[in-house]
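What follows is the residue order along each chain.
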Amino acid sequence: MRRILVVDDDLHIRLAIRAWLKQYGFRIAMADGGANGLAALDDAAFDLMIVDIFMPNMRGFESNRLFHDHAPTIPLIAISGYAFSGPAVSSPDFLGMALKLGATRCLRKPFRPTTLLGVIDECLSEAEPHRRYVATLTAVAGALSEPPDKMRSSTG
């Protein structure tokens, strides 16, 4: 059973992600901010991290960098309610910044559960190419009938 650490200052986001992922056999640990998330990494082993980019007490992408530096081999999905990039040329490229600071993938909130499952499958499959994640693949296959999720940004 795969262990995932979810770090977000929003309780509702943490609870929703936990509910979605528990259905597919993942064990979920939750932390309400960067300091508690880093402590969780010290206390247990995880296969993947889902970390909010912008949280109180951590400036901007500091959480992303700290989590990647602390556990560089664990895939990190950066999530944020802020737009990762805008149509204006002067708009910051948050997606590019998150990737440069260690994120494996990025998702903009809100996202569909099937989108999250697909990104998790990509990250875990890249980390262990010999193993496919059937639970997430089944959920993603069911999502093929859904319209594409325009909020997803996945590069890596």
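For the structure itself, look to the data block above.
Quick caveat: nothing in here was measured; it's all calculated off a predicted structure.

## Considerations on the overall build of the chain
A tally of regular secondary structure across the chain gives 6 helices and 6 strands. In sequence order, the chain lays out its α and β elements as β-α-β-α-β-α-β-α-β-α-α-β. For the chain, the share of sequence-separated contacts (at least 6 apart) that also reach a separation of at least 24 residues comes to 70%. Of the accessible surface of the chain, which amounts to about 8,000 Å², a share of 56% is contributed by carbon and sulfur atoms.

## Overview of the packing of helix α2 (residues 34-43) against helix α3 (residues 62-70)
Put simply, α2 and α3 touch, their axes get as near as 11 Å, and they point 10 degrees apart. Taken together, the axis directions place α2 and α3 in an arrangement best described as roughly parallel. Judged by residue contacts, Gly34, Gly37, Leu38, Leu41 and Asp42 of α2 engage Leu66, Phe67 and His70 from α3. For the contact of α2 with α3, the per-class residue count stands at 4 nonpolar, 3 polar and 1 charged.

## Observations concerning the pattern of salt bridges
Applying the stated rule across the entire model yields 6 salt bridges. When the shortest N-O distance is used, the salt bridge between aspartate 8 and lysine 109 registers 2.8 Å. Of this pair, aspartate 8 sits in the loop between β1 (3-7) and α1 (11-22) while lysine 109 sits in the loop between β5 (105-108) and α5 (113-127), and the two are 101 residues apart along the sequence. Note on accessibility: aspartate 8 and lysine 109 belong to one class, buried. Among the salt bridges present, the one from aspartate 69 reaches arginine 65, with a minimum N-O distance of 3.3 Å. Remark: arginine 65 and aspartate 69 occur in helix α3; sequence separation between them is 4 residues, near one turn of the helix. A residue is classified by how much of its surface remains accessible, and aspartate 69, at 48% relative accessible area, is partly exposed. Linked by salt bridges that have partners in common, Asp8, Asp52 and Lys109 make up one network.

Criteria and cut-off values
- Residues numbered from 1 in each chain as written.
- Predicted model: local features only at pLDDT ≥ 70, side-chain atom pairs only at ≥ 80, totals over all residues.
- Heavy atoms only, no water.
- Helix = DSSP H or I, 4+ residues; strand = E, 2+ residues; numbered from the N terminus.
- Contact = heavy atoms within 4.5 Å.
- Areas by Shrake-Rupley, 256 points an atom, 1.4 Å probe, with all protein chains shown as cover.
- Axes fitted to C-alpha atoms, helices over the stretch in contact; angles between N-to-C directions.
- Parallel < 35°, antiparallel > 145°, perpendicular 65-115°, else oblique.
- Nonpolar A, V, L, I, M, F, W, Y, C, P; charged D, E, K, R; others polar.
- Salt bridge = Lys/Arg side-chain N within 4 Å of Asp/Glu carboxyl O.
- Buried < 20%, exposed > 50% of the residue type's maximum accessible area, 1.4 Å probe, protein only.

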